[in-house]
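# Observations on the three-dimensional arrangement
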Amino acid sequence: MNCLSCDNNARRFALPPREHAASDDHWRVAHAFGTGTPGWLVLVPLRHVTAIADLTDAEAALLGTWQVRLSRALHAVTGCAKTYVAQFAEAEGYAHVHFHVIPRMPDHPAEVRGPRVFGRLGRSEGDDVAPAHRDGLALRIRRELTRSR
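Let me sum up the structure you'll find in this document. (Residues numbered from 1 in each chain as written. Predicted model: local features only at pLDDT ≥ 70, side-chain atom pairs only at ≥ 80, totals over all residues. Heavy atoms only, no water.)

### Re the overall build of the protein chain
What counts, and what does not: By the criteria applied, helices consist of DSSP H or I runs no shorter than four residues and strands consist of E runs no shorter than two, each listed in order from the N terminus. Buried, partly exposed and exposed residues are distinguished by accessible area as a fraction of the type maximum, computed with a 1.4 Å probe on protein chains only: under 20%, between the cut-offs, and over 50%, respectively. Should any heavy atoms of two residues lie within 4.5 Å, those residues are counted as being in contact. Using the Shrake-Rupley algorithm and a 1.4 Å probe, accessible areas are obtained, with residue cover drawn only from the displayed protein chains. Think of it this way: Lys and Arg go in the positive column, Asp and Glu in the negative one, and His and the chain ends go nowhere. Where a charge lies is defined by one atom per residue type: Lys uses NZ, Arg uses CZ, Asp uses CG and Glu uses CD.
Check the secondary structure of the protein chain and you find three helices and five strands. Judged by the C-alpha coordinates and their principal axes, the protein chain covers about 40 × 35 × 30 Å. Counting the 149 residues in the protein chain, one finds 46% classified as buried. Excluding contacts between residues fewer than 6 apart, the proportion of contacts in the protein chain whose partners are at least 24 apart in sequence is 59%. Total accessible area on the protein chain is roughly 7700 Å²; 54% of this is exposed by carbon and sulfur atoms. With 19 positive and 16 negative side-chain charges, the protein chain shows a spacing of 8 Å between the two charge centroids.

Written as structure tokens, this is what we have:
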């Protein structure tokens, strides 16, 4: 099985901050790549799971807590008005369950609000948030998560 999420989970403590902003015994937080939206996070279970119904009770118990904590951290770090949370795990090569936690800024254009925000994903490298910027955001989010415990 070739799974990018599993490969990254296996070496999470050696990853750059953008790929390991935070984690616990069940989940890892990364900054999404291929997006022009700073702070677009992905919450990934450490265990290979392809459907939400297959989460363990322990994974499920922490899921909501992670989503709320990440939303609060994004608000503090980016100044977003709200966050969107979505899960599909349907794209080729990305069947591993993962939750998108996306900051929606106060001035976010109407044409990419709601589900249309996914039009800002899958961008070319030139339109992507730079790796150094993703690292910086991930470190700020990590500090905010530590502070808010």
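### A look at the nonpolar core
Under the convention used in this document: Side-chain atoms within 4.5 Å are what join buried Ala, Val, Leu, Ile, Met, Phe, Trp, Tyr and Cys residues into a set we call a nonpolar core.
By size, the foremost hydrophobic cluster in this structure holds 22 residues, and its most contacted members are Val29, Leu43, Trp66 and Leu70. Contributions of two or more residues to this core are made by β2 (27-31), β3 (41-45), α2 (57-78), β5 (99-104) and α3 (131-147). Sort the elements by how many residues they give to this core and α2 lands first, with six residues. If sequence neighbours within four positions are ignored, leucine 43 has contacts with Trp27, Arg28, Val29, Leu63, Trp66, Gln67, Leu70, His98 and Phe99. Within the second largest apolar cluster, seven residues are counted, among which are Ala32, Val44, Ile102 and Val117.

Keep in mind these numbers describe shape, not what the thing actually does.
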